[in-house]
Amino acid sequence: MLPSWIAPSLAAAILGLGLNAPALALPQADERAKPGAEPASGAFATIDELDASYTRQLTELHRRRIADLTKLAAKLHGLDADRAYGEILRAAINNDMFVEAELAAKQFLATEPTDQRDRALAFLTMLVAKAERGEHDQSLNDLLTFLKANPKRPEADQRIETDTALAVGEAYLQRLVRAGRYDIARKVCELAIEHSPNPAVQEHFRTRLARLAMVGKPAPPIRATDIEGKPFDLASLKGQVVLVEFWATWCPPCISELPALMDLKSKYGHQGFVILGVNADSEREGGEPLARTLPVVRRFLLDHRISWPNVLCGDGAEDLTKAYGVKAIPASFLIGRDGTIQHLELTGEALDQAVAKAVAAPKPGQ
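Residues numbered from 1 in each chain as written. Predicted model: local features only at pLDDT ≥ 70, side-chain atom pairs only at ≥ 80, totals over all residues. Heavy atoms only, no water.

(A) Summary view of the nonpolar core. Grouped together as the largest cluster of nonpolar side chains are 103 residues, with contacts concentrated most on Tyr-172, Leu-234, Val-244, Phe-246, Phe-273, Tyr-324 and Phe-333. Once you skip the residues sitting within four places of it in the chain, Phe-333 turns out to touch Arg-211, Met-214, Val-242, Leu-243, Val-244, Phe-246, Tyr-324, Val-326, Ile-341, His-343 and Leu-344. (Core = buried A, V, L, I, M, F, W, Y, C linked by side-chain atoms within 4.5 Å. Buried < 20%, exposed > 50% of the residue type's maximum accessible area, 1.4 Å probe, protein only. Contact = heavy atoms within 4.5 Å.)

(B) Inspection of the pattern of salt bridges at higher detail. Within this structure, the stated rule accounts for 19 salt bridges. In this structure, the salt-bridge partner of Asp-96 is Arg-175, at a minimum N-O distance of 2.9 Å. With Asp-96 in the loop between α4 (78-95) and α5 (102-110) and Arg-175 in helix α9 (residues 162-178), this pair connects stretches of sequence that are 79 residues apart. A residue is classified by how much of its surface remains accessible, and Asp-96, at 24% relative accessible area, is partly exposed. One salt bridge connects Asp-118 with Arg-117, and the closest N-O pair in it is separated by 3.5 Å. The class for Arg-117 is partly exposed, based on a relative accessible area of 27%. One salt-bridge network, in which partners are shared between bridges, spans Glu-170, Arg-208, Arg-211 and Glu-345. (Salt bridge = Lys/Arg side-chain N within 4 Å of Asp/Glu carboxyl O. Helix = DSSP H or I, 4+ residues; strand = E, 2+ residues; numbered from the N terminus.)

(C) Quick peek at the environment of Phe-108. Position of Phe-108 relative to the elements: it lies in helix α5. Each C-alpha atom, one on Phe-108 and one on Ala-73, is 8.6 Å from the other, the two residues being 35 residues apart in sequence. Dropping the residues within four chain positions of it, Phe-108 is found in contact with Asp-82, Tyr-85, Pro-113, Asp-118, Arg-119 and Ala-122.

(D) Seen up close, the sheet that holds strand β7 (residues 341-344). Read from one edge to the other, the open sheet built from seven strands follows the order β2-β1-β5-β4-β3-β6-β7, with strand pairing classed as mixed. Of all strands in the sheet, those bounded by a partner on one side alone are β2 (231-233) and β7. Strand after strand, the sheet turns through a mean of 35 degrees between neighbouring axes, direction not considered. The pairing of strand β1 (residues 223-226) with strand β5 (residues 310-312) spans two bridges and is classified as antiparallel. In the sheet register, Asp-226 faces β5, and the bridge partner there is Val-311. (Pairing = 2+ DSSP bridges. Axes fitted to C-alpha atoms, helices over the stretch in contact; angles between N-to-C directions.)

(E) The arrangement of unusual backbone geometry in detail. Cis peptide bonds are those with omega within 30 degrees of zero, and the linkage from Ile-329 to Pro-330 qualifies with 0 degrees. Structurally, Pro-330 is set in the loop between α15 (320-323) and β6 (331-335). At Arg-305, a residue that is not glycine, the phi angle is positive and equals roughly 55 degrees. You can see Arg-305 is positioned in the loop between α14 (290-303) and β5. The phi dihedral of Glu-345 falls on the positive side, at around 60 degrees, and the residue is not glycine. Here Glu-345 shows up in the loop between β7 and α16 (348-360). A relative accessible area of 22% places Glu-345 in the partly exposed class.

(F) Representation of the side chain of Arg-208. Here Arg-208 is to be found in helix α11 (residues 199-212). Polar contacts involving the side chain of Arg-208 include one to the side chain of Glu-345, which spans 2.9 Å. With sequence-adjacent residues up to four places away left out, Arg-208 is seen in contact with Glu-170, Leu-173, Cys-189 and Glu-345. (Polar contact = N/O pair within 3.5 Å; in protein donor to acceptor, adjacent residues only side chain to side chain.)

Structure (structure tokens):
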């Protein structure tokens, strides 16, 4: 089984961590006329433009809700205050808004809460916020101090749902990975394995640790069959910068990344940057024979005008998910001109910057 991995902000919501989003308030007529305002209802040119507009508006609503709840919580007492702070912590996890919830987390901890679960979540919210600001070393020091002062309490720790623990842990790791602080990311994985009493959490971070260990090492060979049935060898791309992207047609986050990947290809393709797609359609739970998935993959590539090479995951030597330690998708690996893995799991501006730096490096032997 190869599940679809998505950012913790979405994963938490889809996995049922429970924030009911408020109704989306549309801009009023006078607001629509302001520079930078969202387009008026019915004025969208494309579905992507409409979706982007509503995503921005919903994001702003979540920010305002957290800010208002923070002000309200400071005025409340007892169970009412606890409820407000609980709402804020869930909103931070569900919407990946840890910086926005940091003040509330500080206020909540200042009340000296007795509930170990909520106390831990408030601390972790502050930890992720600190990492987002680039205070990576301090965030690790804070984590070590917290663990030392709070020895393992299985009966308390296990009250934190597995999905919640994984969502917050991934949010922290993502910020470390985006900053290239793989040293701290590996240490965080080791601490999670050592201190968590939850077997599922331990296994998750073992998998993450194994993947992080690949950074700086030669990329595993890729000898597979492409979508036209022809043999493909990663070695044929020697001297180029290669982004290996594991994806599937049934993976919404994979599809949402396509525009950014196309932009990268257009921007850096002439400098020796290549994208190699590794399709994992056949790896879905229950399995599908390649003969059945291949037509679906071909049609998908045509419909989305994807021009970079794509190979198929198979069995034995062509089991590329196993070779790269991929347990969930999307998953990406940026390979430098020297054939070593330089970065993994980067997206957005962090990926753009990493590619720019990689293509600027001289080819081996020059």
